[in-house]
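# Coordinate inspection notes
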Amino acid sequence: MTRAVPRTVRVVAALIPQPSSDRGQGDGGRRFLVQQRLPGGSRALLWEFPGGKVEAGETDEAALARECREELDVELSVGRRLWEGRHTYPDLTVELVLYAAALVSGEPKPLGAHMLAFHTPTEMQALPFCEADVPLLEDLLAGRMGALD
Ligand SMILES: Nc1nc2c([nH]c(=O)n2[C@@H]2O[C@H](COP(=O)(O)OP(=O)(O)OP(=O)(O)O)[C@@H](O)[C@H]2O)c(=O)[nH]1
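Conventions and cut-offs
Residues numbered from 1 in each chain as written. Predicted model: local features only at pLDDT ≥ 70, side-chain atom pairs only at ≥ 80, totals over all residues. UniProt positions renumbered as here; feature names shortened; annotations may be inferred. Helix = DSSP H or I, 4+ residues; strand = E, 2+ residues; numbered from the N terminus. Buried ≥ 20, exposed ≤ 12 C-beta atoms within 10 Å, placed from the backbone. Contact = placed C-beta atoms within 7 Å.

- The name recorded for the chain in an unreviewed UniProt entry is 8-oxo-dGTP diphosphatase, from Corallococcus praedator.
- Regarding the chain, the UniProt comment filed under Cofactor (unreviewed entry) reads as follows: "Mg(2+)".
- UniProt annotates the chain under Sequence similarities (unreviewed entry) with the comment "Belongs to the Nudix hydrolase family."

Here is the structure:
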C-alpha cells in the first residue's frame with residue numbers, strides 16, 4: 001500500500017521574553033511565552049511557541065507579526081533568526097523557524113490557544129511540547145542560540 005507524503009509548511013515561531021523577567025538573572029532565569037494547543041485538533045494540548053504558518057508571498061517576519069496579532073492580540077517587533085529545524089508528523093512536515101521577538105504593545109490573550117504561560121527553558125523541559133520543538137528546547141536550554149534579543 002502506498003502512503004501519502006505529508007505536505008510541507010513553513011512555520012514561524014516567536015521567542016518572547018516576559019517583560020522585566022530578565023534583570024540580573026541571565027538567560028537561564030528568563031521566562032518566555034509558550035502556549036498550549038487547543039483540545040481536539042492536531043497535536044491537541046501540546047505546548048508550542050506562538051506563531052503559525054507562513055502564507056504564500058509573505059515574509060517570515062510579516063507572518064509572525066500577523067499570527068501574533070490574530071492569536072494573541074499583541075504587536076511584536078521581530079528580531080534575528082535563532083533556530084531552524086524540520087520535523088515530519090503523520091499529517092504534516094513542518095519547517096520550524098524560531099525568531100527572537102519582543103512585545104511592543106498589548107497583553108497576550110489566548111485567542112487561539114487553550115492556555116498561555118511564561119516559563120524558563122528548564123521549566124519547558126517538563127511540559128509536553130510538539131515533537132518538532134524538542135531539539136529546539138535542547139539548544140535553548142544549552143545556550144546554543146546566542147543572545148536571545
Ligand atoms: N506555532 C507553532 N506551531 C508549531 C510549533 N511546533 C510545531 O510542531 N508546530 C506545528 O506547526 C503547525 C502550525 O500551524 P498553525 O498554528 O498555523 O495551524 P494549526 O494547526 O494550529 O491550525 P490550522 O491549520 O487549522 O490553522 C501546527 O501543525 C503545529 O503543531 C511551534 O513551536 N509553534
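## A closer look at the environment of E75
- Relative to the helices and strands, E75 resides in strand β5 (residues 75-88).
- Among the residues examined, E75 registers 13 C-beta atoms within 10 Å and is labelled partly exposed.
- It is 30 Å that separates the C-alpha atoms of E75 and R7, two residues lying 68 residues apart in sequence.
- Non-local contacts of E75, meaning those with residues more than four positions away in its chain, are made with R69, V104, S105 and G106.

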